[in-house]
Amino acid sequence: MKKLFSFIKTYRIHAVIALIFMFLELGLELLQPFLIAKMIDDGIQQQNIHHVLRWGIVLVTASILVFVSGIINTFYAAYTSQNVGYDIREKLYTHIQSFSLSVFKQFQSSSLVTRLTNDVTQLQQVVFMGLRIMMKAPFLIIGAIVMSFFVNAPLAMFFIITVPFVFFFLIWIYKKAAHSFSFVQGKLDQVNKIMRDNLRAIRLIKVYLRKHFEIERFQGASAKLQRQTVSAFRLTESSTPINMLLMNFVIMAFLWFGSIQIQTDKATVGEIVALINYTTRILSFLSIFSMLIMVLSRAKASAKRIFDVLDTTTENISTNHDTFKNLDYIIEGNIIIDHVSFQYASAQTLAVKNISFKVRSGETVAIIGETGSGKSTIFQLITRLYECSEGDIFIDGFNIKEIDVENLRNNIGFVLQESHLFTGTIKENIKWGNPLAKDKEILEATKSAQIHDNIIKFRDQYDTLIGQKGVNLSGGQKQRIAIARALVRKPKILLLDDSTSALDLQTEAKLLQSIKKMECTTLMSTQKISTAKNADHILVMEKGEIADQGNHDQLIHRSTLYQKIYESQNGKE
């Protein structure tokens, strides 16, 4: 929670103004019971209408000032809390964007969504409540006790007996609740995860008639969240009746012993009314302490979850900009993979093992092999989504570890196995690859990707809205739009990770022919011989190693593995 103050510090002027008006409101509220006592004792009891009017005017003025102070305090508290929430959410989102893939996998995406939304909201709420009520409550209780001693010290001793007990009881409740609400947020993550998985696979669920199974799975997670939340609320809500019971005993004591003191002229009616007024004010704040404990407990749990992410090491994307400042203009696309090995953190074996090969500028290299042979891993190492465990990768003679990651990726067009499209228009999705692309460049990219003819058949053509993840497009259309998005970048290196799998042979041949005319080095992973055979060079991958390499004619005669793949797809010649 201490780290939260670093965000509040930016808006310290607004926070200070909120606190000033909070204390002004507090002081006037504490003054009101004292004024009522004066009105009763000096005015009503003495039947002095002048004193009644004088203290009445002062009381009304104080009430108006309390109202105005409360409005101003609320405005500045809300301004501070909303801006703090915005800053936290922006910093958290920016920080997540800078994660390397290995770091990103430490957190479930559903958990990150919860932290960006629900957890940030909890911190917004605690900042607002802190400036509006939370800091006011203890000062009001202390102030009410102090003022009670000014009114009638002997009777005020009842506060000294009960309030410390209430205070330590609330501290105990807070510590227990904070622990309990951390589990609540974890259960909420699980519910979000199931919802996210369900919505992403809704078509599959319908086809496989798994609706009832998914409903039961959701209900199970939701029930666990409900039980944990009820348990946490039961703990915090138990404080309210206990506090009210104790403070009602105090009121009864004031009435009982106050009546005795009035009879012996040791107290006045106004003093007893003032003491009861102070007690009810304390009681009103203690009655909302369960809510404050809940807010503070949830905020503590949320703060830990948020700062766990913010304290996680990000991807280092900076190197010597002066040395490589002209890389955007001099890169040609020569690639050297030199004895590279890599193992994923969660894996027991190497994904790629001691691989070496060269790709000359403008060449097309196909990487063929079974699923899990390491094809995609090579692409992720070239783009530095992961760092090599051993060996080095060079582009135009520069070790990529010494190249600024932004410059490196700026010169690469990468089309993933899963063609992810964003909600928006077709044009917006293509332009996402290059925000500065002009309409002419977008047109060239779509024609090269063999998708232009399909686009112009849509009613809104390039302004056609794409549903979530491209749900209203075929698999081949999504792949070609994703390829157009890569081509509009005019990359010096193009990586196609099995991204033509949904295309028919004729469309794929036209696409690859168009790419060959472009001035870029192309690496494409595939499981299809028809895709690989026209490449300048082919790498045959098996269990993370290069089993053989050469062109189609060479491999069809000497590589047993390549022959097996060919025969499985085309039959024996």
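Residues numbered from 1 in each chain as written. Predicted model: local features only at pLDDT ≥ 70, side-chain atom pairs only at ≥ 80, totals over all residues. Heavy atoms only, no water.

**Brief notes about the overall build of the protein**
Right, on to step 1. Helix and strand counts for the protein stand at 22 helices and twelve strands.
Right, on to step 2. In terms of C-alpha radius of gyration, the protein reaches 35 Å, well past the compact-globule figure of 25 Å for 573 residues.
Right, on to step 3. Along the three orthogonal principal directions, the C-alpha set of the protein runs to about 120 × 50 × 45 Å.
Right, on to step 4. A burial count over the protein gives 47% of its 573 residues as buried.
Right, on to step 5. Contacts in the protein between residues far apart in sequence, at least 24 positions, make up 76% of those at least 6 positions apart.
Right, on to step 6. Taking the average location of the 63 positive side-chain charges in the protein and that of its 50 negative ones, the two points are 6 Å from each other. (Helix = DSSP H or I, 4+ residues; strand = E, 2+ residues; numbered from the N terminus. Rg over C-alpha atoms; globule rule 2.2 N^0.38 Å. Buried < 20%, exposed > 50% of the residue type's maximum accessible area, 1.4 Å probe, protein only. Contact = heavy atoms within 4.5 Å. Lys, Arg positive; Asp, Glu negative; His and termini not counted. Charge placed at Lys NZ, Arg CZ, Asp CG, Glu CD.)

**Quick look at the UniProt feature "transmembrane region" (unreviewed entry) in the protein**
Right, on to step 1. Under the present numbering, the feature "transmembrane region" (unreviewed entry) in UniProt falls on residues 12–35, 55–79, 133–150, 156–174, 242–260 and 272–296.
Right, on to step 2. Between the end C-alpha atoms of residues 55–79 there is a gap of 36 Å, over a span that is 100% helix and 0% strand. (UniProt positions renumbered as here; feature names shortened; annotations may be inferred.)

**Brief notes about the sheet that holds strand S6 (residues 412–415)**
Right, on to step 1. Reading across from one edge, S6-S9-S10-S3-S11-S12 is the order of the six strands in this open sheet, with mixed pairing throughout. Both edges of this open sheet fall to S6 and strand S12 (545–550), since each of them pairs with a single strand only. Between one strand and the next, the sheet's axes are offset by a mean angle of 15°, whatever the strand orientation.
Right, on to step 2. Across five bridges, the pairing between strand S9 (residues 493–497) and strand S10 (residues 521–526) is parallel. By the bridge assignment for S10, Asp-497 is matched with Ser-525.
Right, on to step 3. Packed on one face of the sheet, helix H13 (residues 375–382) meets strand S3 (364–369), S6, S9, S10 and strand S11 (537–542) and runs near 150° to S10.
Right, on to step 4. Each of S6 and S9 is contacted by helix H18 (residues 475–487), which is oriented at about 170° to S6, the strand it contacts most. (Pairing = 2+ DSSP bridges. Axes fitted to C-alpha atoms, helices over the stretch in contact; angles between N-to-C directions.)

**Details of the packing of aromatic side chains**
Right, on to step 1. The tally for this structure, following the rule as stated, stands at nine aromatic pairs.
Right, on to step 2. Ring geometry for Tyr-344 and Tyr-386: centres 5.2 Å apart, planes at 90°, overall edge-to-face. In this pair, Tyr-344 is assigned in the loop between strand S1 (335–342) and strand S2 (352–359) and Tyr-386 in the loop between H13 and strand S4 (390–395), connecting sequence segments 42 residues apart.
Right, on to step 3. Put simply, the rings of Phe-342, Tyr-344 and Tyr-386 pair up and form one aromatic cluster. (Phe/Tyr/Trp six-rings, centres within 6.5 Å; stacked < 30°, edge-to-face > 60°.)

**Digging into helix H16 (residues 439–448)**
Right, on to step 1. Of all the residues in H16, the buried ones are Ile-442, Ala-445, Thr-446 and Ser-448. Projected onto a plane normal to the axis of H16, the buried residues spread over an arc of 160° and lie on a single side. Of the exposed residues in H16, those oriented more than 90 degrees away from the buried face are Asp-439 and Lys-440.
Right, on to step 2. On its buried face, H16 sits against helix H15 (426–431), helix H17 (452–455), H18 and helix H19 (505–516).
Right, on to step 3. The positive-phi residue at the C-terminal boundary of H16 is Gln-450, with phi of around 60°. (Arc of directions from axis to C-beta.)

**Considerations on the sheet that holds S1**
Right, on to step 1. Spatial ordering of the open sheet is given by S2-S1-S4-S5, a layout of four strands whose pairing is antiparallel. Sheet topology places S2 and strand S5 (398–399) at the edges, where each strand pairs with a single neighbour.
Right, on to step 2. Sheet topology places S1 next to S4; five bridges connect them, and they run antiparallel. Within S4, the residue paired with Asp-338 across the bridge is Asp-392.

**Details of the pairing of S11**
Working note: regular strand, side chains alternate between the two faces of the sheet.
Right, on to step 1. Inspection of the sheet shows S3 paired to S11 by five bridges, in the parallel sense. Bridging across to S11, Val-365 finds its partner in His-537.
Right, on to step 2. For S11 and S12, the ladder comprises five bridges, and the chain directions are antiparallel. Note that in S12 the partner of Ile-538 across the bridge is Gly-550.
Right, on to step 3. Counting the residues between successive antiparallel strands, the hairpin from S11 to S12 contains two residues, one of them, Lys-543, with a positive phi of roughly 50°.

**Considering unusual backbone geometry**
Right, on to step 1. The residue His-339 is not glycine, and still its phi comes out positive at about 50°.
Right, on to step 2. Looking at the secondary structure, you find His-339 in strand S1.

**Digging into the pattern of salt bridges**
Right, on to step 1. The tally for this structure, following the rule as stated, stands at 13 salt bridges.
Right, on to step 2. In this structure, Asp-119 engages Arg-305 in a salt bridge whose closest nitrogen and oxygen atoms are separated by 2.7 Å. Residue Asp-119 is located in helix H5 (residues 109–134), and its partner Arg-305 is located in helix H11 (residues 289–310); the two are separated by 186 residues in the primary sequence.
Right, on to step 3. With relative accessibility at 0%, the residue Asp-119 sits in the buried group.
Right, on to step 4. Look at Arg-305 and you get buried, because its relative accessible area is 9%. (Salt bridge = Lys/Arg side-chain N within 4 Å of Asp/Glu carboxyl O.)

**A few points about H18**
Residues spaced three or four apart along an α-helix point in a common direction, a consequence of the helix completing one turn every 3.6 residues.
Right, on to step 1. Its 13 residues give H18 an end-to-end C-alpha distance of 18 Å, which sits within 8% of 18 Å, the value for a rise of 1.5 Å per residue.
Right, on to step 2. In terms of burial, H18 is a largely internal element, twelve of the 13 residues being buried.
Right, on to step 3. Among the residues of H18, those classed as buried are Gly-476, Gln-477, Lys-478, Gln-479, Arg-480, Ile-481, Ala-482, Ile-483, Ala-484, Arg-485, Ala-486 and Leu-487. (Expected span 1.5 Å × (residues − 1).)

**Some details on the domain arrangement of the protein**
Right, on to step 1. According to the domain assignment, the protein consists of domain 1 (1–152 + 298–313), domain 2 (153–266) and domain 3 (335–570).
Right, on to step 2. The gap between the C-alpha centroids of domain 1 and domain 2 is 20 Å.
Right, on to step 3. Taken together, the 18 residues of domain 1 in the interface contact 24 residues of domain 2.
Right, on to step 4. Here domain 1 packs against domain 2, burying approximately 1700 Å² in sum over the two surfaces, 58% of which is carbon and sulfur.
Right, on to step 5. Summed over the three residues of domain 1 that lose the most area to domain 2, namely Phe-149, Asn-152 and Arg-298, the buried surface amounts to 37% of that side. (Domains from an automatic or database assignment. Buried area = accessible area lost by both parts, 1.4 Å probe.)

**Quick notes on the nonpolar core**
Right, on to step 1. One finds Leu-4, Val-84, Ile-88 and Leu-92 to be the most contacted residues of the largest nonpolar core, which totals 68 residues.
Right, on to step 2. Mapped by element, the contributors of at least two residues to this core are helix H1 (4–8), helix H2 (12–44), helix H3 (49–97), H5, helix H6 (136–200), helix H8 (211–237), helix H10 (269–287) and H11.
Right, on to step 3. It is H6 that provides the largest number of residues to this core, a total of 20 residues.
Right, on to step 4. Two domains each donate at least three residues to this core, and these are domain 1 (1–152 + 298–313) and domain 2 (153–266).
Right, on to step 5. Sequence-distant contacts of Val-84, defined by excluding residues within four places in its chain, comprise Leu-4, Phe-7, Ile-8, Tyr-11 and Val-127. (Core = buried A, V, L, I, M, F, W, Y, C linked by side-chain atoms within 4.5 Å.)

**Let's talk about the pairing of S10**
Right, on to step 1. Taking burial as the measure, the six residues of S10 include six buried ones, the bulk of the element.
Right, on to step 2. Residues of S10 alternate between two faces, with Thr-521, Leu-523 and Ser-525 on one and Thr-522, Met-524 and Thr-526 on the opposite face, all of them buried.
Right, on to step 3. Inspection of the sheet shows S3 paired to S10 by five bridges, in the parallel sense. In the strand pairing of S10, Val-365 is matched with Leu-523.
Right, on to step 4. Handedness of the β-α-β unit built from S9, H19 and S10 comes out right-handed. (Right-handed = clockwise from strand over helix to strand, strands pointing away.)

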